[in-house]
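# Working through the structure, step by step
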Amino acid sequence: MDEDRKIAITVIYVILFLAAILGNALVIYVVLRRPGMKSPTNLLLVNMAIADLLFALFMFPLALARYHVRGQWIGGPFGAFSCHAIFFMTHLPIAGSTTTLIFIALERFFAIMFPHRVIKIFRQVWIITVVIWLSSSLLMMPVGIAAHTTEKNGQIHCERNWSVFGDPRKASRTFYDATFVVTYAAPLLFMAILYAVICHKLWRRHAPGRQTVHAQRNSMLHKRQVIRMLIIVVVVFALCWLPTHVQHFLITYFPEVHAHLSFVTRVTMNLVGHTNPAINPCLLVGLNIRYRNEFLRLFRGIGVAPMDMPPALAENMPELRTRRTGTTSSLTSSTSRPRGWPPAANP
């Protein structure tokens, strides 16, 4: 690889790294430290932000190492341990993100389809978090086990050696086929069904409960905004990671075809997936008024004075309208919820 390509790839990864670290750290801070942001959906989005942080911390340095030193590694016990760990940690966040998106879709499904029913599991997000990371760890453990340090021409390399599971070709195919089905195809199909049902409810029928017309309209607008944001997050996730799954398919089943792909094509297939951790915080801020307002308040607090939102746009945001007029929004009013329920924090 020539120096110009190395510099270009390095600059891209540095930008993605900074965007992913800063953006996801701010999402975590805003949700955990700002009043009214600790809804089940937002806490699950924190889980996805953590997954994106882990991916950026472990995957981006490994990707640059491949391009700059051609995958050279260090020897000894630490080199062997770090080889296992780095491959495991670069795959774990992908499964964690997918599983989190599934639970977010389930939480929204029950909240909208059965608004007067308390689903206790979604009141205990920490239990869901444990389930997410345990299941993701079990799924991605084989790639960590398969990672080994090998010596070639006097140099140490960290590579996947699937022969530890028997036939290396069969083991590799089994792992990546299972990864595609469990972390991509099946979850996307499942979430598509859930969101289709939710959209039919929100766009075709009125919200249940004893609400005024104005309160019902505000509640419906807010729910539609959140669902629209979550659907876009899922669609972007699917588009970003599709080239990576295609690449794994080619490497596993048609290695000769993959070997003949141009360098730019192979880099692009990797890079598209690696942009997802940097894109997600931008989607939250760009598509959700609550996140945007909290980010603006945070920037004002550190001396950054962003531009005010145009009045025309604010008119379409019920939360801004109620905040400016000094009235109480029906989105957090206890009158729109059954007696005995705790006040709801909106995503």
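In this convention, every chain numbers its residues from 1, walking through the sequence in written order. Under the rules for a predicted model, residues below a pLDDT of 70 receive no local features and side-chain atom pairs below 80 are neither given nor counted, while totals for whole chains, interfaces and linings still include all residues. Hydrogen atoms and water are omitted, and side-chain values are computed over all heavy atoms in the structure.

What follows deals with the overall build of the chain. Only DSSP runs of H or I with at least four residues qualify as helices, and only runs of E with at least two residues qualify as strands; both kinds are numbered from the N terminus onward. Helix and strand counts for the chain stand at 12 helices and two strands. Along the chain, helices and strands appear, N-terminal first, in the series α-α-α-α-β-β-α-α-α-α-α-α-α-α. Exposed residues in this analysis have more than 50% of their type's maximum accessible area, buried residues have under 20%, and partly exposed residues fall in between, with area computed by a 1.4 Å probe over protein chains only. Relative to its full complement of 347 residues, the chain shows a buried share of 46%. Here the contacts in the chain between residues at least 6 apart in sequence split such that 76% fall between residues at least 24 apart. In what follows, a contact means two residues having at least one pair of non-hydrogen atoms within 4.5 Å.

Let's shift gears to the packing of helix α3 (residues 76-113) against helix α5 (residues 168-204). The packing of two helices is summarised by the inter-axis angle and the distance between the axes. Where α3 meets α5, the closest approach of the two axes is 10 Å, and the angle between their N-to-C directions is 20 degrees. One finds that α3 runs roughly parallel with respect to α5. The way α3 lies across α5 gives a crossing that is left-handed. For the pair formed by α3 and α5, the contact residues are H91, A95, T98, L101, I102, I104, A105, L106, R108, F109, I112 and M113 on the first element and F175, Y176, T183, P187, F190, M191, L194, Y195, V197, I198, K201 and L202 on the second. Orientation is described by lines fitted to C-alpha atoms, with helices fitted over the stretch in contact, and by angles between N-to-C directions that extend from 0 to 180 degrees. Angles are sorted into four bins: roughly parallel if under 35 degrees, roughly antiparallel if over 145, roughly perpendicular if 65 to 115, and oblique for all others. If you view the pair so one helix is near and one far, a crossing is left-handed when the near helix is turned anticlockwise from the far one by less than a right angle, and right-handed when it is turned clockwise.

We now examine the packing of aromatic side chains. Aromatic contacts are taken between Phe, Tyr and Trp rings whose centres are within 6.5 Å, Trp giving its six-membered ring; a plane angle under 30 degrees counts as stacked, one over 60 as edge-to-face, and the others as tilted. This model, assessed by the stated rule, comprises 17 aromatic pairs. Look at W162 and F165: their rings are 6.2 Å apart centre to centre, the planes differ by 35 degrees, and that puts the pair in the tilted class. Take W162: its relative accessible area is 8%, and that puts it in the buried class. You can call F165 partly exposed: its relative accessible area is 40%. As a reminder, the over-ring test applies to NZ of lysine and CZ of arginine, requiring each to be within 6 Å of the ring centre and within 35 degrees of the ring normal. The ring of F114 carries the charged tip of R117 above its face, separated from the ring centre by 4.7 Å.

Here the focus is the state of the cysteines. When two cysteine sulfur atoms are found within 2.5 Å, that pair is recorded as a disulfide. Enumeration according to the criterion identifies one disulfide in this entry. Between C83 and C158 runs a disulfide, and the two sulfur atoms are separated by 2.0 Å. Across the S-S bond of C83 and C158 the torsion is about 90 degrees, and the bridge reads as right-handed. Linking C83 in helix α3 with C158 in strand β2 (residues 155-160), this pair joins segments that are 75 residues apart in sequence.

Here strand β1 (residues 147-152) pairs with β2 via six bridges, running antiparallel. In the sheet register, T149 faces β2, and the bridge partner there is C158. Strand pairing requires that DSSP identify at least two bridges connecting the strands. The antiparallel pairing of β1 with β2 creates a hairpin that spans two residues between the two strands, and N153 there sits at a positive phi of about 55 degrees.

The terminal C-alpha atoms of α5, which comprises 37 residues, lie 52 Å apart, in line with the 54 Å expected from a rise of 1.5 Å per residue. To get the bend at a residue, fit one axis to the 7 residues ending there and another to the 7 starting there, then take the angle between the axes. Residue V181 marks the point of greatest curvature in α5, where the axis turns by about 40 degrees. A helix's residues, less one, multiplied by 1.5 Å, set its expected span.

Let us now look at the layout of surface pockets. Space inside the largest pocket adds up to approximately 1,300 Å³. Any residue with an atom within 4 Å of a point lines the site, the site being either a cavity, points on a 1 Å grid over the protein atoms alone where a 1.4 Å probe fits but cannot get out, or a pocket, an open set with protein on both sides within 12 Å along at least 5 of 7 lines. Around the largest pocket, the lining comprises 38 residues; the ones closest to its centre are R66, F87, R160, I251 and N270. Mapped onto the lining of the largest pocket, the elements with two or more residues apiece are α2 (40-69), α3, β2, α5, α6 (213-253) and α8 (263-274). The leading source of residues in the lining of the largest pocket is α6, at seven residues. A breakdown of the residues in the lining of the largest pocket according to their chemical character gives 18 nonpolar, 14 polar and six charged. Grid points are joined across faces, edges and corners, and a volume is the space filled by probe spheres set on the points. Just so you know the grouping, Ala, Val, Leu, Ile, Met, Phe, Trp, Tyr, Cys and Pro go in nonpolar, Asp, Glu, Lys and Arg go in charged, and all remaining residues, Gly too, go in polar.

What follows is about the pattern of salt bridges. For salt bridges, the criterion is a side-chain nitrogen of Lys or Arg within 4 Å of an Asp or Glu carboxyl oxygen. The final tally for this structure, using the stated rule, is four salt bridges. The salt bridge involving R108 is made with E107; its shortest N-O contact spans 2.8 Å. When salt bridges that share partners are traced, they join R34, E294 and R297 into one network.

Glancing now at the side chain of T98. Tracing the backbone shows T98 in helix α3. Residue T98 is classed as buried on the basis of its relative accessible area, which comes to 2%. With sequence-adjacent residues up to four places away left out, T98 is seen in contact with T183, P187 and F237.

Residues Y13, L45, M191, Y195 and Y291 are the most contacted members of the largest nonpolar core, which totals 83 residues. Broken down by element, this core gets its largest block of residues, 16 residues, from α3. Beyond its immediate stretch of four places on either side in the chain, Y13 contacts F60, A63, L64, Y67, L271 and H274. The criterion is simple. A nonpolar core is a set of buried Ala, Val, Leu, Ile, Met, Phe, Trp, Tyr and Cys residues joined through side-chain atoms within 4.5 Å.

Structurally, I94 can be placed in helix α3. Linking I94 and T183, residues 89 residues apart in sequence, is a C-alpha distance of 7.7 Å. When near neighbours in sequence (up to four residues on either side) are disregarded, I94 contacts F55, F237 and W241.

Along the polypeptide, R108 turns up in helix α3. Using a relative accessible area of 11% as the deciding quantity, one classes R108 as buried.

The next subject is the environment of F295. As for its position among the elements, F295 is in helix α10 (residues 289-301). The exposure class assigned to F295 is buried, which follows from its relative accessible area of 7%.

Right, let's get into the confidence of the model for the chain. Predicted coordinates in regions of low pLDDT should not be interpreted in detail. Residue-level confidence of the predictor is summarised by pLDDT, bounded by 0 at the bottom and 100 at the top. Across the chain, pLDDT averages 84, with 83% of residues at or above 70. Of the regions scoring below 50 in pLDDT, residues 305-345 engages in 57 contacts with residues more than four places distant in sequence or in other chains.

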